[in-house]
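# A closer look at the structure
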Amino acid sequence: MAVLVCGGAGYIGSHTVLELIDMGQNVIVVDNLEKGHKSAVGGAKLYIGDLRDSEFMKKVFTENEIESIIDFAAYSLVGESVSDPLKYYHNNVTSTICLLENMKKYGVEYIVFSSTAATYGEPENIPILESDRTLPTNPYGETKLTVERALKWADNAYGIKYASLRYFNAAGAHISGNIGEDHSPETHLIPIIMQVALGQRDAISIFGNDYSTPDGTCIRDYIHVTDLSTAHILALDKLKKTNESIICNLGNGKGFSVKEVIDIAREVTGRNIKEAVAPRRQGDPAVLVASSEKAQTELGWEPKYAQLETIIETAWNWHKSHPNGYNDK
């Protein structure tokens, strides 16, 4: 029996694939390599194609005995989702609906879905609770929430059990330094800071310094990518044991402002990291910090790399040794 990891050549997906392989699991990866990297997949069997391609997916499911799925395949840029919402609906929603149709067709009962704290929009509480209102402020969050609702009804109608994991800022790199974060163009805060530290950019842009936060910059919750990977695997185990669907936040319960992240990066790298204030980005809430109490209780999840200094140190080790990323495209 195999675990199918959709988007398994991407950032979080590749780290999850590595964890699964280290556990002795049979892992199948589907990725169109638009954002992912072949060399990030390691020893997993890779199928290059699109979840919306019915003939391609037929080949994946008929050639492998797939028991469960972890789904990371999505676009995730908030700003781009605001400027081009239909692109996000077509990719994020339609792709997962096609995946669910194949699960129904081939009798696959379990899926772990990579969701987001952006489903909440402007939060009612800090830290955010799973029971809080969901009212996204951007199409990215809306598409993830749409899929969550589809999962609920697929469970009701077909018995497909799901775990939806809502988190915000995946960060860091594998402790080995062999795989890490490589996007083109890069839009995530910590890798951009690393690029400034390496002299590949002149400065880090701070998008707005007039938010209602202690230093005026946005506050976010940063989770080490390996800790996120572990949570997905634990969620899959939970589904198999209980046969009950679940929604969980994954967070540190503590947020850091953009300025705080930059200051810690200066300490870790020992480099002069210049900053420049830029206009706010549309759809950015001031504070997003998720409570992970439910994940810790229900899944038995306990982050190993919770300190921001550790997260940034692993990112720095990756970027120093891979200044041009995977360089495989």
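Model, not experiment: these values are computed from the prediction.

### Describing the packing of aromatic side chains
- In this structure the tally under the stated criterion is 3 aromatic pairs.
- Relative to tyrosine 88, the ring of tyrosine 75 lies with its centre 5.5 Å away and its plane at 55°, an arrangement referred to as tilted. Taken together, the residues tyrosine 75 in the loop between strand 4 (66-71) and helix 3 (78-83) and tyrosine 88 in helix 4 (residues 85-106) connect sequence positions 13 residues apart. Considered together, tyrosine 75 and tyrosine 88 belong to a single accessibility category, that of buried residues.
- When the ring centre of tyrosine 75 is taken as origin, the NZ or CZ atom of lysine 87, which lies over that ring, is 4.8 Å away.
- Positioned over the ring face of tryptophan 153 is lysine 152, at 5.0 Å from the centre of the ring.

### So, the environment of glutamate 65
- Within the secondary structure layout, glutamate 65 lies in the loop between helix 2 (54-63) and strand 4.
- Sequence separation of glutamate 65 and leucine 4 is 61 residues, and the distance between their C-alpha atoms is 9.5 Å.

### Overview of the sheet that holds strand 3 (residues 45-48)
- Read across the sheet, 7 strands follow the order 3-2-1-4-5-6-11 without closing on themselves; strand pairing throughout is parallel. Only two strands of the sheet have a single partner each, and these edge strands are strand 3 and strand 11 (246-250). Along the sheet, successive strands turn relative to each other by an average axial angle of 20°, direction set aside.

### Focus: the sheet that holds strand 12 (residues 256-257)
- As summarised here, the arrangement of the 3 strands in space is 12-9-14, forming an open sheet in which the pairing is mixed. Both edges of this open sheet fall to strand 12 and strand 14 (287-288), since each of them pairs with a single strand only.
- Where strand 9 (residues 219-220) meets strand 12, 2 bridges bridge the pair, whose relative direction is antiparallel. Bridge pairing links isoleucine 219 to serine 257 in strand 12.

### Some points on the pattern of salt bridges
- Counted under the stated rule, the structure contains 10 salt bridges.
- Across the pair glutamate 63 and lysine 59 runs a salt bridge whose closest N-O atoms are separated by 2.7 Å. Of this pair, glutamate 63 and lysine 59 are both found in helix 2, 4 residues apart, which corresponds to roughly one turn of the helix.
- Under the relative-accessibility criterion, glutamate 63 is labelled partly exposed at 42%.
- Aspartate 155 serves as the salt-bridge partner of lysine 161, at 2.8 Å between the closest nitrogen and oxygen.
- Residue class for lysine 161 comes out buried when judged on its relative accessible area of 15%.
- Since its relative accessible area comes to 15%, aspartate 155 is described here as buried.
- Each of Asp263, Arg266 and Glu275 takes part in one network of salt bridges that share partners.

Cut-offs used in this document
- Residues numbered from 1 in each chain as written.
- Predicted model: local features only at pLDDT ≥ 70, side-chain atom pairs only at ≥ 80, totals over all residues.
- Heavy atoms only, no water.
- Phe/Tyr/Trp six-rings, centres within 6.5 Å; stacked < 30°, edge-to-face > 60°.
- Helix = DSSP H or I, 4+ residues; strand = E, 2+ residues; numbered from the N terminus.
- Buried < 20%, exposed > 50% of the residue type's maximum accessible area, 1.4 Å probe, protein only.
- Lys NZ or Arg CZ within 6 Å of the ring centre and 35° of its normal.
- Pairing = 2+ DSSP bridges.
- Axes fitted to C-alpha atoms, helices over the stretch in contact; angles between N-to-C directions.
- Salt bridge = Lys/Arg side-chain N within 4 Å of Asp/Glu carboxyl O.

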